[in-house]
Amino acid sequence: MAESLPEHERILQEIESTDTACVGPTLRSVYDDQPNAHQRFMEKLDACIRNHDREIEKMCNFHHQGFVDAITELLKVRADAEKLKVQVTDTNRRLQDAGKEVIAQTEEIIRCRIQQRNITTVVEKLQLCLPVLEMYSKLKEQMKVKRYYSALKTMEQLENMYLPRVSQYRFCQIMIENLPKLREEIKEISMSDLKDFLESIRKHSDKIGETAMKQAQQQKTFNTALQKQNNVNYGRNMYVINGRVPEPKYEITSKRTLEEEDEHEEEVLTAHDLVDFSPVYRCLHIYSVLGDGETFENYYRKQRRKQARLVLQPQSSMHETVEGYRRYFSQIVGFFVVEDHILHVTQGLVTRAYTDELWNMALSKIIAVLRTHSSYCTDPDLVLELKNLIVVFADTLQGYGFPVNRLFDLLFEIRDQYNETLLKKWAGLFRDIFEADNYSPIPVANEEEYKIVISKFPFQDPELDKSFPKKLPMSQSVPQIYIQVKEFIYASLKFSESLHRSSTEIDDMLRKSTNLLLTRTLSSCLQNLIKKPHIGLTELVQIIINTTHLEQACKYLEDFITNITNISQETVHTARLYGLSTFKDARHAAEGEIYTKLNQKIDEFIQLADYDWTMSESAGRASGYLMDLINFLRSTFQVFTHLPGKVAQTACMSACQHLSTSLMQMLLDSELKQISMGAVQQFNLDVIQCELFASSEPVPGFHGDTLQLAFIDLRQLLDLFMVWDWSTYLADYGQPTSKYLRVNPSTALTLLEKMKDTSKKNNIFAQFRKNDRDKQKLIETVVKQLRSLVNGMSQHT
């Protein structure tokens, strides 16, 4: 009990000293204590309250007088307070009235100060925004005037320097959103300009190429004229075009040419003058700035490759005119001149490796196209103009650094084709000359005409006979053929010029082409001429004479080639002309044709023979056809006097042998069944005339009876039958000294059987049978012996 009292006092002290919000835990401790602790706590609390009431009462009693005095003083002050209140109210009213204007002015000052602050802020912000707006306006202006590269630079400045300062504003966000669109727009516009540029250079490529080729040609002409002028001044050996000697006025001509070239140089145009390349530079710079340069390069190269394929595709009719080739070459040159310009004025857009690859591709295509189209050319003039174009084309591109060796190799192929077209053309010229020739010696009335002839053909008159009128041995075709061969050499030389080959190589090419002309074209024309049916013996004789003179002129052709190429035959192993063999072959063919035609003429006369093989006795004179034949042979062999001796002798021997063979075949013809002795006698008269003709030496040069030996077979056969010397024939048969050595048993047997059949039908041997039956038995015996000889010969063979 006593212990709980101090505890209650402690609780009461806590309640008095603690905030009322924290009394709860203290009060809870009252109830958690011993039983009846609450009652005791309440009693203690009542006692504490009573103590506090007594203390309050004591304090009030102590301060009551002071309170009363204070109330009294307050009541006194009350009246003064009322007066003061009225005064303060009046003062406040008057002060309010006086401060209204000040308040208004103050508010106005505050408003102005706020506006001034706002203006200052706006000015500061505008000073930040104005450069952005100015740059954006500048960007729009640059876009308007198509200064896209500058516009991209402006965009870059906006993004990196200006927009970050004012990025919080909405208009800046709009600008930031528009810049990528503007970049794409610039890319599209620049790409459109590039496409227009590509289309433009595709259209202007031929003009660019034509200008470049013209400049290259002018430069080459200028250099050639300068070189020739130097050669004239210093007396050097000069390579003369077409082998013609220059005239004294050449130096003046060269000076005039140089002056003209100087005038041309003032008008030199470049690819940059003809085409505006700014779209390429602009587009390249734009894509480079945008970091998309590789895409642009790939696109440009792809498009140019496509254009290259189009340029390299020729027209189907290109081979018909030189203008087609010129347009084709101009387009190609223009294409590569543009590429070369792009290569040298840009960095990386076009590389040397790319242009080399493109050129190699184009070169292969060009060579294939030229091979194909040049093969259609049949006009040598067109082929020559094509060659000149190829040379100018190659020289032009070589000046831009492109390798052109394959083009010059192609020219050697075209040169062979050019020679072929020349050979065809000259074959026609040779044919026309041969057709127009009268195949008679050239008549010369006076010395002037003689000089005209020898100025065209190097004729050497061995007799030095200057008496006129006279006839030269060759016909008109000889000088004409010689002139045409020289013209062929000139034409062939034209192609060999500007091929960058030495004079030795040109000399070799000329000789080879001339050899082809002689050995193939002229030889073929001569062979065809000789085989023509209207060419008679007189014409063939003249052809042989003509070929002899042409053969002698070959050495002058060699000298002619040497003079125009300035190549010495002694110092260089030059090719020789094969004209000797050509004309020899032609002569041999003509000689063979003479033999053939002569034999054909003999056959024509033989066909006119009209023997009565059953006549009882001969007419006492030779047959008319044979006399006509002999007269023909005499007149023909008189024409042969201009031929070489061996040719005339061979022709005469061949004619006599053919005549002898034809007469022998006539006797032994299987369709001829019977022959009378009178017919044999008549035939013998004809053979005698042939022998007389042979012995009369129709052609000089035969020794003894050489020509008569052509009729020896007929002579011995006829003698055997005319003399009826069978005993001698059979006795001496097979011996070298036999009188009838050339009589074949089968031939004798055939003729004897024909005569035997005649005796049976016509009773020619009737007198023999009546008077001398032994002779009939002899004939039968001879027939049997001849048959045995024939059978023996067949067994031996």
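Before reading further, recall that the structure is shown in the block above.
Along each chain, residue indices are assigned from 1 in the same order as the chain's sequence is written. For a predicted model such as this one, the threshold for reporting local features is a pLDDT of at least 70, and the threshold for listing and counting side-chain atom pairs is 80 or more; totals across whole chains, interfaces and linings nevertheless cover every residue. Computation of side-chain values: all heavy atoms of the structure, hydrogens and water removed.

### As for the overall build of the protein chain
And step 1. Helix numbers and strand numbers start at the N terminus; a helix is a DSSP run of H or I with at least 4 residues, a strand a run of E with at least 2. For the protein chain, the count of helices and strands is 27 helices and two strands.
And step 2. For the protein chain, the residues scored as buried account for 41% of the 797 residues in total.
And step 3. The method behind every accessible area is Shrake-Rupley, applied with a 1.4 Å probe, and residues are considered shielded solely by the protein chains displayed. Within the structure as shown, the protein chain displays about 44900 Å² of accessible surface, and the carbon and sulfur contribution to it stands at 51%. Remark: exposure states derive from per-residue accessible area (1.4 Å probe, protein chains only) relative to the maximum for the residue type, with buried under 20%, exposed over 50%, and partly exposed in between.

### Points about empty space enclosed by the protein
One simple way to see leftover space: roll a probe sized like a water molecule over the atoms.
And step 1. Here the term cavity refers to a set of points on a 1 Å grid, laid over the protein atoms alone, in which a 1.4 Å probe fits but cannot get out; the term pocket refers to an open set having protein on both sides within 12 Å along at least five of seven lines, with lining residues being those that place an atom within 4 Å of a point. Grid points are joined across faces, edges and corners, and a volume is the space filled by probe spheres set on the points. Using the criterion set out here, one finds two cavities of 30 Å³ or more in the structure.
And step 2. Of the voids in this model, the largest cavity is the one considered here, and its volume is about 60 Å³.
And step 3. Every residue along the wall of the largest cavity is listed here: I481, Y482, V485, L518, L522, L550, A553, C554, L557 and F583.
And step 4. Secondary structure elements with two or more residues in the lining of the largest cavity: helix 15 (477-496), helix 16 (503-531) and helix 18 (554-565).
And step 5. Looking at side-chain class alone, the lining of the largest cavity contains 10 nonpolar, no polar and no charged residues.
And step 6. Of the pockets and cavities examined, the second largest cavity occupies roughly 50 Å³.
And step 7. Lining the second largest cavity, in full, are F434, S477, V478, L526, L529, I543, N546, T547 and L550.
And step 8. Put simply, the parts of the chain that give the lining of the second largest cavity at least two residues each are helix 15, helix 16 and helix 17 (537-552).
And step 9. Here the lining of the second largest cavity takes four residues from helix 17, the largest share from any one element.
And step 10. For the lining of the second largest cavity, the residue count by class is six nonpolar, three polar and no charged. Charged means Asp, Glu, Lys or Arg here, nonpolar means Ala, Val, Leu, Ile, Met, Phe, Trp, Tyr, Cys or Pro, and polar covers whatever is left, Gly included.

### Some points on the packing of aromatic side chains
The geometry of two aromatic rings is summed up by the distance between their centres and the angle between their planes.
And step 1. A pair of aromatic rings is counted whenever rings of Phe, Tyr or Trp (Trp by its six-membered ring) have centres within 6.5 Å, and the orientation is called stacked for planes under 30 degrees apart, edge-to-face for over 60 and tilted otherwise. Under the counting rule described, the total for this entry stands at 28 aromatic pairs.
And step 2. A centroid spacing of 6.4 Å and a plane angle of 20° characterise the contact between F277 and Y281, whose relative ring orientation is stacked.
And step 3. For F277, a relative accessible area of 0% translates into the label buried.
And step 4. Their ring planes at 45° and their centres at 6.5 Å tell us that W359 and F393 sit as a pair that is tilted. With W359 in helix 11 (residues 352-374) and F393 in helix 12 (residues 380-399), this residue pair connects regions lying 34 residues apart in the sequence. In terms of burial, W359 and F393 fall into one category: buried.
And step 5. Ring pairing ties together the aromatic residues Y328, F329, F335, F336, W359, F393 and F402, which thus form one cluster.

### Here we look at the layout of surface pockets
And step 1. Volume-wise, the second largest pocket comes out at about 280 Å³.
And step 2. At six residues, the largest contribution of residues to the lining of the second largest pocket is made by helix 17.

### Some points on the pattern of salt bridges
And step 1. Salt bridges are defined as contacts in which a side-chain nitrogen from Lys or Arg sits within 4 Å of a carboxyl oxygen from Asp or Glu. Counted by the stated rule, this structure contains 24 salt bridges.
And step 2. A salt bridge links E551 to R587; the nearest nitrogen and oxygen atoms lie 2.5 Å apart. One end of the pair, E551, is in helix 17; the other, R587, is in helix 19 (residues 579-607), and 36 residues separate them in sequence. The same class applies to E551 and to R587, which are both buried.
And step 3. A salt bridge links K597 to E593; the nearest nitrogen and oxygen atoms lie 3.8 Å apart. Here E593 and K597 lie together in helix 19, a separation of four residues that amounts to about one turn. Each member of the pair K597 and E593 is classed as buried.
And step 4. When salt bridges with common partners are traced through the structure, they connect D90, R93, R94 and D97 into a single cluster.

### Quick notes on helix 22 (residues 677-695)
And step 1. When the terminal C-alpha atoms of helix 22 are compared, their 26 Å separation across 19 residues agrees well with the 27 Å that a helix rising 1.5 Å per residue should span.
And step 2. For helix 22, the complete set of buried residues consists of G678, A679, V680, Q682, F683, N684, D686, V687, C690, E691, F693 and A694.
And step 3. Backbone geometry just after helix 22 places E697 at a positive phi near 55°. To estimate how far a helix should reach, multiply one less than its number of residues by 1.5 Å.

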